[in-house]
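What the coordinates show
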Amino acid sequence: MDFLRPASWEEALAAKAEHPTAVPIAGGTDVMVEINFDHRRPEYLLDLNRIGDLYEWEVGEDTVRLGASVPYTKIMENLRAELPGLALASHTVASPQIRNRGGVGGNLGTASPAGDAHPALLAAGAEVEVASAARGTRLIPIDEFYTGVKRNALQPDELIRAVRIQKADGPQQYSKVGTRNAMVIAVCAFGLALHPRTRTVRTGIGSAAPTPVRAKAAEEFLNAALAEGGFWDNGKIITPSVAKQFADLCSAACNPIDDVRGTASYRRHAVGVMARRTLTWTWESYRGARRATEGAA
Amino acid sequence: MRVNFTVNGRPQEADDVWEGESLLYVLRERLGLPGSKNACEQGECGSCTVRLDGVPVCSCLVAAGQVEGREVVTVEGLAEYAKQRAEGGCATGACGTSLDEAKSWQAKGSDSQTGEGTELSPVQQAFIDAGAVQCGFCTPGLLVAADEMLERNPNPTDADIREALSGNLCRCTGYEKIMDAVRLAAARQSEGV
């Protein structure tokens, strides 16, 4: 095994181009587990810890450009207003020690269906900024990034530079089912974001299909129901039948398996419950904000 | 490969390090510092917690090559580290814990009645006084994590303590005595004892 230690992003891309089988390591919270357990013996480890750019973020007008290695702790501390869904998801990641090391770039690189960041990214809307020495930078829409169980749209010579996430324009929520509060891998997870500007709702489901997925049929149903009832304008409580239909469609978007953490039918059920709850939470928050701006009690 | 880094305030060099080796392995097997414990090797238990450039991390998940040029504090250096912090830095320029001192470090503690014994960090003394140690395997990781929290947050609520220690598993105590110990350390710290 060789340990490659590029000092800059350009050097890292050059190293990845020269050694396409090199395994990038940043926080190490996935890669080192595989090495410790002898599940993986990569020919090259490509250390990204010395590349300061990857630890920085920029808040733009519409998006946050989040460096691939920004640890979850920093997201929780600094980006709660801009990225509320991702900040909530970050808080559910493992433990303080892991959140101090791990970041969204690693979650995307590993592309496990159980990665905690994915539902929040899908719900908020995001593009993954990847780069190669030969072809420069390209942006991959988050919906096209996950291609299979632990597979993603990266080419062998590409590295993840950042993820460009839509800044929240409305309430966002994140919910995760596990056997305990800390140190738990999701049995299933759900992210929901209201986008009042476009009058749309977006979702993200984790750990309940081969890849993280959006519940698109549920989103379309809810968008239509909210528009039809004038809900965005009148700020009424979402009727229970609409919430139930939305929850059922979210359950139907799952394609889960039975495993040690839970059964497929439990996951489907739990995703429906989380969908209904996160919709209620975010909608109540939207209504509250509406009332506050209109000055009506 | 060779790795140069700072351990407990002193420069150290580890030779013949395998590229896939963890920081934990380097500390225990190459530098002879077995205070950081090796249990799950997957970041679940927190027994191997150390400070890396001040930040608590699981040393089993840090590749040895990643610590080149960086600073690590282990439980063996915690007493000295806490002392320097209390004194506002290193006045003499010769602080830190040498490898030999670290290897022979023992948690003798001071007798609660007489106050005699070797120096411990406040959190270590509190663990002894509160009876927060049973088998002791999780203790080093908990000490490092608890000490870091008290540095950041001198007056933690119970929820703060639980959150800060949520990455450290203890299978003996049921955590109540550990909570007592951290509350005790916080109270002593705020009283300036």
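Residues numbered from 1 in each chain as written. Chains lettered and ligands numbered in written order. Predicted model: local features only at pLDDT ≥ 70, side-chain atom pairs only at ≥ 80, totals over all residues.

1. Some remarks on the overall build of chain A
For the record, the criterion: Numbering of helices and strands runs from the N terminus; a helix is a DSSP stretch of H or I covering at least four residues, while a strand is a stretch of E covering at least two. Computation of the radius of gyration draws on C-alpha atoms alone. For the globule rule, the value is 2.2 Å times the number of residues to the power 0.38. Each residue is classified by how many other C-beta atoms fall within 10 Å of its C-beta atom, where C-beta atoms are placed from the backbone; a count of 20 or more means buried, 12 or fewer means exposed, and values in between mean partly exposed. Residue pairs are scored as contacts if the distance between their C-beta atoms, which are placed from the backbone, is within 7 Å.
Helices and strands together make up the secondary structure of chain A, namely twelve helices and 13 strands. Its C-alpha atoms give chain A a radius of gyration of 20 Å, within 12% of the compact-globule value 19 Å for 297 residues. Taking the principal axes of the C-alpha coordinates as reference, chain A spans close to 60 × 45 × 35 Å. Counting the 297 residues in chain A, one finds 49% classified as buried. Expressed as a percentage of contacts within chain A between residues at least 6 apart in sequence, the contacts between residues at least 24 apart total 66%.

2. Thoughts on the confidence of the model for chain B
The line we're drawing: pLDDT runs from 0 to 100 and stands for how confident the predictor is about each residue.
This prediction gives chain B a mean pLDDT of 92; 93% of its residues lie at or above 70. Reported confidences for the modelled complex are a pTM of 0.94 and an ipTM of 0.93.

3. A closer look at the pairing of strand S1 (residues 3-7) of chain B
For a regular strand, side chains alternate in direction, first toward one face of the sheet and then toward the other. All names here are of chain B. Formally: Paired strands, as defined in this entry, are two strands with at least two bridges between them according to DSSP.
What you see with S1 is a clean split: Val3, Phe5 and Val7 sit on the buried side and Asn4 and Thr6 on the side with no burial. Note: S1 against strand S2 (residues 10-14), five bridges, orientation antiparallel. Residue pairing in the sheet places Asn4 in a bridge with Glu13 of S2. Connecting the antiparallel pair S1 and S2 is a turn made up of two residues, with Asn8 showing a positive phi of about 50 degrees. Alignment of S1 against strand S5 (residues 71-73), held across two bridges, turns out to be parallel. Pairing of Val7 across the sheet is with Val72, part of S5.

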